[in-house]
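For reference, the chains in residue letters:
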2 protein chains.
Amino acid sequence: MRSHIPAGFTTIDGELGIAGRAASYWVHEAGDTPLFVYDRALIAARIAAVRAALPSEVALHYALKANPLPALVEWMGGQVDGLDVASGGELALALASGMQPRDIGFAGPGKRDDELRAAIAAGVLINVESAGELERIAALGGRVVALRLNPSFELKGSGMRMGGRASPFGIDVADAPAVVARAAELGVRVTGLHVYAGSQALSAAAVIESQAATLVMAAELVAATGVQLETLNLGGGFGIPYFTNDLPLDLAAVGEALSASLATLPAGLRDTRIIVELGRYLVGEAGVYLARVVDRKVSRGTEFIVTDGGLHHQLAASGNFGTVIRRNYPIANASHFGADAVMTADVVGCLCTPLDRLGERVALPDTQVGDLIAIFMAGAYGASASPAAFLGHPPARELLV
Amino acid sequence: MRSHIPAGFTTIDGELGIAGRAASYWVHEAGDTPLFVYDRALIAARIAAVRAALPSEVALHYALKANPLPALVEWMGGQVDGLDVASGGELALALASGMQPRDIGFAGPGKRDDELRAAIAAGVLINVESAGELERIAALGGRVVALRLNPSFELKGSGMRMGGRASPFGIDVADAPAVVARAAELGVRVTGLHVYAGSQALSAAAVIESQAATLVMAAELVAATGVQLETLNLGGGFGIPYFTNDLPLDLAAVGEALSASLATLPAGLRDTRIIVELGRYLVGEAGVYLARVVDRKVSRGTEFIVTDGGLHHQLAASGNFGTVIRRNYPIANASHFGADAVMTADVVGCLCTPLDRLGERVALPDTQVGDLIAIFMAGAYGASASPAAFLGHPPARELLV
């Protein structure tokens, strides 16, 4: 069985090593568990790998939704070419990072007028999600937009498909020419397109097909309407291997195919800045969630390791967010990292609900009260995507190191 | 098809009426949407109904986990006989309500030492979840406890079964005599038992069977160990009818059966205070979540109503928390309440994720941008049990009226 703990972690004095220090060091530094540690060097290495694989002319954006920790967003602002936001709150964070407003994209199906006003005032690029939103933007004084399209294809094999079907996201591609025409009537310039066909795809073939289809769709819209595109955001959807036997995305294959596509771009797209927007793929594997063992018990023959963490910080790892079948994220005893397994236990959180499972039938070394448990793949959709207030426990601490 | 909007709501000037005022009044009062409104009178009526149905000697506790809004907890402190908490945070809220510490119970599988210390200092009743936890409590100076038992039966037909299987909750009933003996050695007095066999059961027969089995189990433990029980917490598990065709729990039947059981209690339990602990059943149907329509659009023939609310406030209603098959909570246009349906739409939240569905194929009157959408059954496991920070939108407002 392929071990699925992500690369970049070490063993230090018998403990899990994160960014050159033992796990217990970071807990001491943060003051207590539960704790998320995000390793900046691993994120930087991932960004470098993406840049090396993709054609040099492709701009790399970070989607804040994956992890909006302010310190992380500020640092990311210096690492990538743009930021993508999904709310007024994320917009404020992105602006605070120092990123140029023109390199910030704002998507989301339910933007309120106050969010649109803030975006227009800041000069960021709003991805228009519907004909009705275009009217509101124009009425509020917006003069430049991108159109988010709901494509006629989907990102195959993705964890969450967002194209090829009826959707609250974007404008059906068939309706796009009419919206472009209406924008002209309203005095609103359409300078970009945005497509997000799905997320968490591990198949390079699926990502390649989706990117190629997006380029064809954009070229057709340009040909049909004469719209001049300054930017074309191809979305992201690059997946990470959460589960045993998942294989990592073949990034080189994606990059080679995109290079080939860009080399044969139709004339109407040759001056267009091509953007790839990644969230989870940049940060997901660089984060570890550390919780402390509070109790160890046997019930009806099953060993339970009870921690002070739980689904209030790591909803996705508990299997309760966007998944039907619960599977374990990579998990280990961080206090005895790499030690031989001598027991099998269910690792649970401290919440008084049977939903709070962090790992089922986990092979562990001898695990005692006080040990640290590490759950990997915790850099994305962790602290910010979990019901932090549920049952009144303290929020998780977060360190960017 | 049975309409499943809960009782107690009216129509005022064509709008949904909550506690004698139109929905728009409460939104104006709160300042904005999204908004939870909890109707105190409906909660009081539910408490009165429970008290009327249950034998008068049964004590009624409120479990804060269902809704820990401080104003609600404070008010509840004056309505019920005790409070049950699941964390140090909930403990602080319960104590602030003025409830006597001896009438506060503290359960939870992963209590940290600092939580145990606070509970011991306050004099609340700790429900011991394991042999190891008993040792920690004794070491920290605890001298009186209740034992939480993992029963050999489960609450049948419940949304979440918590008994009859290996569990992180409570002490296996077979191990209880040994734990009672160990408590005596440690100088810790066992004065209570606590059992929670499941939750969200709509079948009176299942609740009756579970309560009866709990009484038998307690009597057996008393007979076997000679422990003198001051309190026996039978748990709760009373469900509410979230979905079309759900039938409400037959409360009268539950009360009659419990009366019969209490009339024939074995001698060892005749001086024991019997507690029923309810959360969702007291508050769930008394709350409404109000969100405003931000956009209306058609995609590939499907009508979408996009609101400023979403799963960041109402995770359970989106079908992403503890459910495998998504079904609609009762939902309506609160601005045209009771008006004839003329359209069918998917109602979604504002989050940039396909998980954010609030109602699928909902029959609605003509619904426009600016209208208020009401999602009922929002009094329990709403604001506090949802990922409020996800995607950076503002938290929901909450009003107890």
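Above this text you will find the structure in question.
Because the structure is a prediction, the values reported are computed rather than measured.

**Describing the overall build of chain A**
Next up, step 1: Each helix and strand counted, chain A has 10 helices and 22 strands in total.
Next up, step 2: Expected size for 401 residues packed as a compact globule is a radius of gyration near 21 Å; at 22 Å, chain A falls within 12% of this value.
Next up, step 3: By principal-axis analysis of the C-alpha atoms, chain A measures approximately 70 × 40 × 35 Å.
Next up, step 4: Within chain A, buried positions represent 61% of all 401 residues.
Next up, step 5: Considering only contacts in chain A between residues 6 or more positions apart, those separated by 24 or more positions represent 70%.
Next up, step 6: Accessible surface computed for chain A: about 13800 Å², of which carbon and sulfur atoms make up 52%.
Next up, step 7: Here chain A holds 30 positive side-chain charges and 40 negative ones, and the gap between their average locations is 3 Å.

**Examining the state of the cysteines**
Next up, step 1: Counted according to the given criterion, the structure contains 0 disulfides over all chains.
Next up, step 2: No disulfide involves Cys350 of chain A; its nearest neighbouring cysteine sulfur is the one of Cys352 of chain A, lying 9.8 Å away.

**Digging into the sheet that holds strand 2 (residues 15–18) of chain B**
Next up, step 1: Within the open sheet, the 3 strands sit side by side as 1-2-3 (chain B). Their pairing is antiparallel. Every other strand in the sheet has two partners, leaving strand 1 (10–12) and strand 3 (21–22) of chain B as the edge strands with one partner each.

**Quick notes on the pairing of strand 12 (residues 189–195) of chain A**
All names here are of chain A.
Next up, step 1: For strand 12, a buried count of 6 out of 7 residues is recorded, marking the element as mostly surrounded by other parts of the structure.
Next up, step 2: Alignment of strand 12 against strand 14 (residues 231–233), held across 3 bridges, turns out to be parallel. Considered in strand 14, the bridge of Leu193 is made with Leu232.

**Points about the environment of Ile43 of chain B**
Residue and element names in this part refer to chain B.
Next up, step 1: With respect to the helices and strands, Ile43 occurs in helix 2 (residues 40–53).
Next up, step 2: Taking relative accessible area as the criterion, Ile43 reaches 0% and is therefore assigned buried.
Next up, step 3: Ignoring anything within four residues of it in the chain, the contact list for Ile43 reads Leu72, Trp75, Met76, Leu282, Val283 and Ala286.

**Description of empty space enclosed by the protein**
Next up, step 1: According to the stated counting rule, one finds 3 cavities of 30 Å³ or more in the structure shown.
Next up, step 2: A volume near 120 Å³ is recorded for the largest cavity.
Next up, step 3: Looking at the largest cavity, it is lined by 15 residues, and the ones nearest its centre are His61, Gly105, Leu125, Thr231 and Ile275 of chain B.
Next up, step 4: Those elements giving two or more residues to the lining of the largest cavity turn out to be strand 7 (104–106), strand 8 (125–128), strand 12 (189–195), strand 14 (231–233) and strand 15 (273–278) of chain B.
Next up, step 5: Its residues assigned to classes, the lining of the largest cavity comprises 5 nonpolar, 6 polar and 4 charged.
Next up, step 6: Looking at the second largest cavity, its volume works out to about 60 Å³.
Next up, step 7: A total of 3 residues in the lining of the second largest cavity trace back to one element, the largest contributor, which is helix 8 (residues 204–225) of chain A.

**Regarding helix 5 (residues 113–122) of chain A**
Residues and elements named next belong to chain A.
Next up, step 1: Where helix 5 is concerned, the buried positions are Glu115, Leu116 and Ala119. Along the axis of helix 5, the buried positions cluster into a sector of 100 degrees, meaning they face one direction only.
Next up, step 2: Contacts from the buried residues of helix 5 go to helix 4 (88–96), strand 7 (104–106), strand 8 (125–128) and helix 6 (131–139).
Next up, step 3: Note on helix 5: the residue one or two positions beyond its end, Gly123, has a positive phi of about 85 degrees.

**Looking at the interface of chain A and chain B**
Next up, step 1: The interface of chain A with chain B comprises 70 residues on the first partner and 70 residues on the second.
Next up, step 2: For the chain A and chain B pair, buried surface summed over both sides reaches about 5200 Å², with 62% attributable to carbon and sulfur atoms.
Next up, step 3: Inspection of the region where chain A meets chain B yields 0 salt bridges.
Next up, step 4: For the interface between chain A and chain B, the tally reads 26 residue pairs in polar contact (both at pLDDT 80 or more).
Next up, step 5: For the side of chain A that touches chain B, the leading source of residues is strand 16 (residues 287–299) of chain A, giving 5 residues.

**Here we look at the pattern of salt bridges**
Residue and element names in this part refer to chain B.
Next up, step 1: Under the criterion given, the structure shown has 33 salt bridges over all chains.
Next up, step 2: For Asp366, the salt bridge is made with Arg296, and the minimal N-O distance between the two is 3.0 Å. Here Asp366 is found in the loop between strand 20 (357–364) and strand 21 (372–375), whereas its partner Arg296 is found in strand 16 (residues 287–299), with 70 residues between them in sequence.
Next up, step 3: Given the relative accessible area of 41%, Asp366 is considered partly exposed.
Next up, step 4: Classification of Arg296 as partly exposed rests on a relative accessible area of 26%.

**Regarding the nonpolar core**
Next up, step 1: Leu16 and Leu290 of chain A together with Leu16 and Leu290 of chain B are the most contacted members of the largest nonpolar core, which totals 266 residues.
Next up, step 2: Non-local contacts of Leu16 of chain A, meaning those with residues more than four positions away in its chain, are made with Phe9, Thr10, Arg21, Ala22, Ala23, Val288, Leu290, Ala334, Phe337, Ala374 and Phe376 of chain A.

**Focus: the packing of helix 2 (residues 40–53) of chain A against helix 3 (residues 70–77) of chain A**
Angle between the axes and distance between the axes: these two values describe a pair of packed helices.
Residue and element names in this part refer to chain A.
Next up, step 1: The N-to-C vectors of helix 2 and helix 3 enclose an angle of 40 degrees; their axes lie 12 Å apart at closest approach. Crossing handedness for the pair helix 2 and helix 3: right-handed. Only Leu72, Trp75 and Met76 of helix 3 make contact with helix 2, whose side of the interface consists of Arg40, Ile43, Ala44 and Ile47.
Next up, step 2: When its residues are assigned to classes, the contact of helix 2 with helix 3 shows 6 nonpolar, no polar and 1 charged.

**Concerning the relation of the copies chain A and chain B**
Next up, step 1: Under the fitted operation, chain A is carried onto chain B by 0.0 Å of movement along the axis and a turn of 180 degrees, and the coordinates agree to an RMSD of 0.0 Å. Within this description, the copies of the chain are treated as partners about a two-fold rotation axis. Nearest to the rotation axis, the C-alpha of Pro387 of chain A is located 1.9 Å from it, this being the minimum over chain A.

**Digging into unusual backbone geometry**
All names here are of chain A.
Next up, step 1: Looking along the chain, the bond that leaves Thr33 and enters Pro34 is cis, with omega of -10 degrees.
Next up, step 2: For Pro34, the location among the structural elements is in the loop between helix 1 (23–30) and strand 4 (35–38).
Next up, step 3: Even without being a glycine, Gln200 presents a positive backbone phi close to 55 degrees.
Next up, step 4: Inspection of the secondary structure assignment puts Gln200 in the loop between strand 13 (198–199) and helix 8.

**Description of the side chain of Ser299 of chain A**
Next up, step 1: Along the chain, Ser299 of chain A turns up in strand 16.
Next up, step 2: Taking relative accessible area as the criterion, Ser299 of chain A reaches 0% and is therefore assigned buried.
Next up, step 3: Among the polar contacts made by the side chain of Ser299 of chain A, one reaches the main-chain amide nitrogen of Ser167 of chain B at a distance of 2.9 Å.
Next up, step 4: In this structure, Ser299 of chain A is in contact with Phe304 of chain A together with Asn150, Arg165, Ala166, Ser167 and Asp172 of chain B, ignoring residues within four places of it in sequence.

**Focus on a nonpolar patch on the surface**
Next up, step 1: A cluster of nonpolar residues, Val324 and Ile325 of chain A together with Val324 and Ile325 of chain B, forms a patch on the protein surface that exposes about 460 Å² of accessible area.
Next up, step 2: Topologically, Ile325 of chain A is positioned in the loop between strand 17 (302–307) and strand 18 (331–333).
Next up, step 3: For Ile325 of chain A, a relative accessible area of 63% gives the class exposed.

**Re the side chain of Arg357 of chain A**
Next up, step 1: By the secondary structure assignment, Arg357 of chain A is in strand 20 (residues 357–364).
Next up, step 2: By relative accessible area, Arg357 of chain A is classed as buried at 17%.
Next up, step 3: Within the structure, Arg357 of chain A has its side chain in polar contact with the side chain of Asp346 of chain A (distance 3.1 Å).
Next up, step 4: The contacts of Arg357 of chain A, once residues within four sequence positions are left out, are Phe304, Ala317, Ser318, Arg326, Asp346, Val347 and Val348 of chain A together with Pro168 of chain B.

How each quantity is defined
- Residues numbered from 1 in each chain as written.
- Chains lettered and ligands numbered in written order.
- Predicted model: local features only at pLDDT ≥ 70, side-chain atom pairs only at ≥ 80, totals over all residues.
- Heavy atoms only, no water.
- Helix = DSSP H or I, 4+ residues; strand = E, 2+ residues; numbered from the N terminus.
- Rg over C-alpha atoms; globule rule 2.2 N^0.38 Å.
- Buried < 20%, exposed > 50% of the residue type's maximum accessible area, 1.4 Å probe, protein only.
- Contact = heavy atoms within 4.5 Å.
- Areas by Shrake-Rupley, 256 points an atom, 1.4 Å probe, with all protein chains shown as cover.
- Lys, Arg positive; Asp, Glu negative; His and termini not counted.
- Charge placed at Lys NZ, Arg CZ, Asp CG, Glu CD.
- Disulfide = S-S within 2.5 Å.
- Pairing = 2+ DSSP bridges.
- 1 Å grid on protein atoms, 1.4 Å probe; cavity = no way out; pocket = protein on both sides within 12 Å on 5 of 7 lines; lining within 4 Å.
- Points joined across faces, edges and corners; volume = space filled by probe spheres on them.
- Nonpolar A, V, L, I, M, F, W, Y, C, P; charged D, E, K, R; others polar.
- Arc of directions from axis to C-beta.
- Buried area = accessible area lost by both parts, 1.4 Å probe.
- Salt bridge = Lys/Arg side-chain N within 4 Å of Asp/Glu carboxyl O.
- Polar contact = N/O pair within 3.5 Å; in protein donor to acceptor, adjacent residues only side chain to side chain.
- Core = buried A, V, L, I, M, F, W, Y, C linked by side-chain atoms within 4.5 Å.
- Axes fitted to C-alpha atoms, helices over the stretch in contact; angles between N-to-C directions.
- Left-handed = near helix turned anticlockwise from the far one by under 90°.
- Least-squares fit on C-alpha atoms with pLDDT ≥ 70 in both.
- Patch = residues over 30% accessible without salt bridge, like charges linked within 9 Å, V, L, I, M, F, W, Y side chains within 5 Å.

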